[in-house]
Amino acid sequence: MRGTSVSGPYGYICSTTWGVFDLSPFRPEIEALEQNGITRVALPRITDPKVIPLWFGEGDAVTPQFIRDAAKAALDEGQTFYSHTRGRQELRDAIKDYLDALYGVDIDPARITVPGAAMMGITIAAQMALTTGDHGLIVSPNWPNIETAYRVTGAEVGFVRQREGADGWQLGAREIIEQTQKRTRAIFVNSPCNPTGWIMQEDDQRELLEFCRARNILLIADEVYGRLVYDRDIAPSFLSISRDDDPLIVVNGFSKAWAMTGWRLGWVVTPTRSATHWAILSECFNTGAASFVQIAGTAALRDGESVVQDLRGRYRDAREIVMQVLASHPRIELSEPQGAFYAFPRVRGLRSSLDFVHGVLDEEDVGIAPGYTFGPHNDAHFRVCFAQSHPRLREGLERVLRYIDRHENDFASREESS
Ligand SMILES: Cc1ncc(COP(=O)(O)O)c(C=O)c1O
């Protein structure tokens, strides 16, 4: 027992620090939550200027000036009040115009809600579909917060893992469908994928959506990296093939494509019939995103296409640096990421990704993320975010290699004994 039990003022036993066997006011699912591996490694040194931070999903570029100016002007005009719980009308209109133009569709405006950041959209979506006794499926490797959002619901969590072969990371709709159960109520797909860069092909999207329609399973499609693709214009989107009342929630946001991670702004496209539920739930979570932030988001969508293109160009060059520096190293297996801004290399002979990233941080002052936190069977991997400015990125990657070379004997002996 971890906690200390003491006699409370009313004579019953309570605990000062809740442990596994102590009485706790919290649900067991909450007690069982673990901090994700990225935060666990980063927290102790998060403000240390010596560290080259390749661990979180953001770069070092500040949000463009015209977006910041829009927020400042909104504050000066007194935009400090509650907003509509599903988002300000002009922002929802801008999102509709943006999506219609990008994907050649005509989205029903009632499908669009701005709950707060994309993460909030995912959390609400998971809670709409899952509860204790259900099964929720996640395409992995996956960003760890997805698993947490699922676990909070009390549902059992299952994974279907992409395969890495000569052509990079692959997974077909059939393989996802085969991992569903009778109790499966939600499937989470993030394409382009954090951390692998995998992109789901349109035929596979069709097949999976058709299956979800037939089985009435909620498909949560996370498309926050949809603009960050390097060998084509845009990633295939479920929006191009969906109908208004499909069991589909497409999540997107401003964090990645407009460099707005700290603003906590995103949107969801949902079935038309769930609009009221989104209004109710958004009200419970945060009563809508901050008004001045939404005004900044509107400016980003209306005038920010060049921002998206600039960032994309910068990340494409960064991807090249990653491939140049890491891929030729004899201990590293790495296929070129097709989208997003991460590389997810495997280190031959690596047993514990957590020990590895702690070692790199302690000896080389580089922050990277441990593979174990991205779902099962990833403990020989680590993740780097390549959105940092290029000289810092190159320096960080070279230091990771220096660490690997310094410990070559350890990797070699572990490889032999495995
Ligand atoms: C796959 C994925 N989905 C969602 C998010 C969250 O985006 P937001 O900052 O809008 O909450 C992230 C952030 O890293 C992500 O990697």
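Thresholds, definitions, all that
Residues numbered from 1 in each chain as written. Predicted model: local features only at pLDDT ≥ 70, side-chain atom pairs only at ≥ 80, totals over all residues. Heavy atoms only, no water. Salt bridge = Lys/Arg side-chain N within 4 Å of Asp/Glu carboxyl O. Helix = DSSP H or I, 4+ residues; strand = E, 2+ residues; numbered from the N terminus. Buried < 20%, exposed > 50% of the residue type's maximum accessible area, 1.4 Å probe, protein only. Near = heavy atom within 4 Å. Polar contact = N/O pair within 3.5 Å; in protein donor to acceptor, adjacent residues only side chain to side chain. Areas by Shrake-Rupley, 256 points an atom, 1.4 Å probe, with all protein chains shown as cover. Nonpolar A, V, L, I, M, F, W, Y, C, P; charged D, E, K, R; others polar. Axes fitted to C-alpha atoms, helices over the stretch in contact; angles between N-to-C directions. Parallel < 35°, antiparallel > 145°, perpendicular 65-115°, else oblique. Left-handed = near helix turned anticlockwise from the far one by under 90°. Contact = heavy atoms within 4.5 Å. Pairing = 2+ DSSP bridges. Right-handed = clockwise from strand over helix to strand, strands pointing away. Lys, Arg positive; Asp, Glu negative; His and termini not counted. Domains from an automatic or database assignment. Buried area = accessible area lost by both parts, 1.4 Å probe.

## Let's talk about the pattern of salt bridges
Then step 1. Under the criterion given, the structure shown has 31 salt bridges.
Then step 2. Residue K96 pairs with D106 through a salt bridge whose shortest N-O separation is 2.7 Å. Here K96 is found in helix 4 (residues 89–103), whereas its partner D106 is found in the loop between helix 4 and strand 4 (112–116), with 10 residues between them in sequence.
Then step 3. Looking at K96, the relative accessible area reads 15%, which means it is buried.
Then step 4. Accessibility expressed as a relative area gives 63% for D106, which makes it exposed.
Then step 5. We note a salt bridge from R319 to E336, for which the minimum N-O separation is 3.8 Å. Placement of R319 in helix 11 (residues 305–326) and of E336 in the loop between strand 13 (332–333) and strand 14 (342–343) is noted, with a sequence separation of 17 residues between them.
Then step 6. Three or more residues joined by partner-sharing salt bridges are found here, namely R331, E333, R346, R348, E408 and E415.

## Details of the site of the ligand
Then step 1. Neighbouring the ligand are 13 residues; N194, D222, Y225, S255 and K256 lie closest to it.
Then step 2. Within the backbone of A118, an N or O atom sits 3.0 Å from an oxygen atom of the ligand.
Then step 3. Measuring from an oxygen atom of the ligand, one finds a side-chain N or O atom of N194 at 2.7 Å.
Then step 4. Considering the ligand on its own, with 400 Å² of exposed area, one finds that the protein chains cover 95% of that surface.
Then step 5. Counting residues per element, the shell around the ligand draws most heavily on helix 5 (residues 118–129), which supplies 3 residues.
Then step 6. Taken together, the residues that form the shell around the ligand break down as 7 nonpolar, 3 polar and 3 charged.

## A few points about the packing of helix 4 against helix 10 (residues 291–303)
Then step 1. It is the contact of helix 4 with helix 10, at a shortest axis distance of 9 Å, that shows an interaxial angle of 25°. On the basis of the axis angle, helix 4 is roughly parallel to helix 10. For the crossing formed where helix 4 meets helix 10, the hand is left-handed. Together, E90, L91, D93, A94, I95, D97 and Y98 of helix 4 and Q294, I295, G297, T298, L301 and R302 of helix 10 make up the contact between the two elements.
Then step 2. Residues that form the contact of helix 4 with helix 10 fall into these classes: 6 nonpolar, 3 polar and 4 charged.

## Quick notes on the pairing of strand 6 (residues 156–161)
Then step 1. Pairing geometry for strand 5 (residues 135–140) and strand 6, over 6 bridges, is parallel. Across the sheet, residue H135 finds its bridge partner in strand 6, namely E156.
Then step 2. The β-α-β motif built from strand 5, the intervening helix 6 (residues 144–152) and the parallel element strand 6 has right-handed crossover chirality.

## Re the side chain of K256
Then step 1. Within the secondary structure, K256 is located in the loop between strand 11 (248–253) and strand 12 (266–269).
Then step 2. Notably, K256 is buried but unbridged: the nearest opposite-charge side chain belongs to E58, and the N-O separation is 7.1 Å.
Then step 3. Apart from the residues lying within four places of it in its own chain, the contact partners of K256 are G57, V224, Y225, L228, L311, Y315, F341 and Y342.

## A word on the domain arrangement of the protein chain
Then step 1. For the protein chain, the domain assignment lists domain 1 (37–63 + 306–408) and domain 2 (79–304).
Then step 2. With 33 residues of domain 1 in contact, the opposing surface of domain 2 contributes 33 residues.
Then step 3. For the domain 1 and domain 2 pair, buried surface summed over both sides reaches about 2900 Å², with 53% attributable to carbon and sulfur atoms.
Then step 4. R312 serves as the salt-bridge partner of D233, at 3.5 Å between the closest nitrogen and oxygen.
Then step 5. Linking domain 1 with domain 2 are 21 residue pairs in polar contact (both at pLDDT 80 or more), by the criterion used here.
Then step 6. Elements that contribute at least two residues to the side of domain 1 that touches domain 2 include exactly helix 11 and strand 14.

## Describing the sheet that holds strand 10 (residues 218–222)
Neighbouring strands of a sheet are bound in pairs by backbone hydrogen bonds; such pairs are parallel or else antiparallel.
Then step 1. Strand order across the open sheet formed by 7 strands is 4-12-11-10-9-5-6, with mixed pairing between neighbours. Only two strands of the sheet have a single neighbouring strand rather than two, namely strand 4 and strand 6. Going across the sheet, the axis of each strand differs from the next one's by a mean of 20°, ignoring polarity.
Then step 2. Running over the sheet, helix 9 (residues 275–285) touches strand 4, strand 11 and strand 12 and is turned about 10° from strand 4.

## Things to note about the environment of P330
Then step 1. Inspection of the secondary structure assignment puts P330 in the loop between helix 11 and strand 13.
Then step 2. Sequence spacing of P330 and H277 is 53 residues, and the spatial spacing of their C-alpha atoms is 53 Å.

## Focus on the sheet that holds strand 14
Then step 1. In spatial order, the strands read 14-18-17; together these 3 strands make up an open sheet with antiparallel pairing. In this open sheet, the two strands that pair with only one neighbour each are strand 14 and strand 17 (369–370).
Then step 2. Of the pairings in the sheet, the one linking strand 14 to strand 18 (residues 382–385) comprises 2 bridges and is antiparallel in character. When the bridges of strand 18 are listed, A343 appears paired with V384.

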